[in-house]
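# Structural features, examined
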Amino acid sequence: VCSSDLDRMPHADEAPLLSREVPSGVPRLASWWWRALLAGGTIGMIPLVAVLWHFGDVPIGALADAAWPGLTRWIGSLLSPLGWVLVVALLGAWCASTRRQREAADAWNAIACMATGWALCGALDLIGLMARLTVPAERAARWSHCAPSAACAVTVALATWAWGHRSSLRWPLTVAAFMVMAADVADGVAFASDAVAGAWIGFAAA
């Protein structure tokens, strides 16, 4: 490239801030505005989950018990985070055995996203357990449902991964993630705050 061409090329610090684009193949979180979105969304989720936890969990759970008795139990198998990971792992192993290296790498990438969300939920569950063991007995009930849903985290992480890697799976996995969130609450497996917190943890992990 001649020097005149270099002189005509815009420098990074001269480009408008909002018009900067991430090169193809680079994760979206490498851009400043995706990081800002994730950070801002995380900060905004804290008061939302706190309000749900304090005011909404019990009424929403009672409403689900009254309105949807057993309605979502037929998708109970979808509430197993281990099941989702195993299915993707089997698909990845099959792709690797058939020499579909790109698809196999994508599957392991998805498993990493799902496992990260699951591990984060487990860490927060452990914090809640330690709190229940240390706070006075009369306050232990306040921590009784401080447990983000691992199933919501795993399915949302997989759906978020699909939006960046597999366009054909975007909407099916997104619908499945919402179904898992609804079933988690409707079947009494998790409170609304746990489902929302788990979903955001899965999104952040992916």
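Residues numbered from 1 in each chain as written. Predicted model: local features only at pLDDT ≥ 70, side-chain atom pairs only at ≥ 80, totals over all residues. Heavy atoms only, no water.

## Considerations on the overall build of the protein
Applied cut-off: Put simply, DSSP H or I for four residues or longer makes a helix, DSSP E for two residues or longer makes a strand, and each gets a number counted from the N terminus. Each residue gets one of three labels from its accessible area relative to the maximum for its type: buried under 20%, exposed over 50%, partly exposed in between, using a 1.4 Å probe on protein chains only. The contact criterion used throughout is that any non-hydrogen atoms of two residues lie within 4.5 Å.
Scanning the protein from N- to C-terminus turns up 7 helices and 0 strands. Starting at the N terminus and walking to the C terminus, you meet the elements of the protein as α-α-α-α-α-α-α. Looking at the protein residue by residue over its 206 residues, the buried ones come to 32%. In the protein, the share of contacts with a sequence separation of at least 24, taken over all contacts with a separation of at least 6, comes to 70%.

## Details of helix H7 (residues 192–205)
Stated precisely, the cut-off is as follows: The span you would expect from a helix comes to 1.5 Å times its residue count less one.
Helix length check: H7 (14 residues) gives 20 Å between terminal C-alpha atoms against 20 Å at 1.5 Å per residue, within 8%. Within H7, 12 of the 14 residues are buried, which leaves it mostly tucked inside the rest of the structure. Residues of H7 that are buried include every one of Ala192, Ser193, Asp194, Ala195, Val196, Ala197, Gly198, Ala199, Trp200, Ile201, Gly202 and Ala205, and no others.

## Here's the deal with the pattern of salt bridges
What counts here: Just to be clear on terms, a salt bridge is a Lys or Arg side-chain nitrogen sitting within 4 Å of an Asp or Glu carboxyl oxygen.
With the rule as written, the count across this model stands at 1 salt bridge. With a shortest N-O distance of 2.9 Å, Arg166 and Asp106 are connected by a salt bridge. Here Arg166 is found in the loop between helix H5 (150–165) and helix H6 (170–186), whereas its partner Asp106 is found in helix H4 (residues 101–134), with 60 residues between them in sequence.

## Section: the packing of aromatic side chains
Under the convention used in this document: Pairing of aromatic rings covers Phe, Tyr and Trp, the last through its six-membered ring, and needs centres within 6.5 Å; plane angles under 30 degrees mean stacked, over 60 mean edge-to-face, and all others mean tilted.
Counted under the stated rule, the structure contains 2 aromatic pairs. Ring centres of Trp163 and Trp171 lie 5.1 Å apart, and the angle between their planes is 80 degrees; this geometry places the pair in the edge-to-face category. Ring centres 5.0 Å apart and planes at 40 degrees place the aromatic pair Trp200 and Phe203 in the tilted group. Taken together, the residues Trp200 and Phe203, both in helix H7 and 3 residues apart, mark about one turn of the helix. For Phe203, a relative accessible area of 26% puts it in the partly exposed group.

## Quick word on the environment of Val156
Assignment of secondary structure puts Val156 in helix H5. Residue classification places Val156 among the buried positions, given a relative accessible area of 12%. For the pair Val156 and Ile201, spaced 45 residues apart in sequence, the C-alpha separation works out to 8.5 Å. Contacts of Val156, omitting those with residues within four sequence positions, involve Ala177, Met181, Ala199, Gly202 and Phe203.

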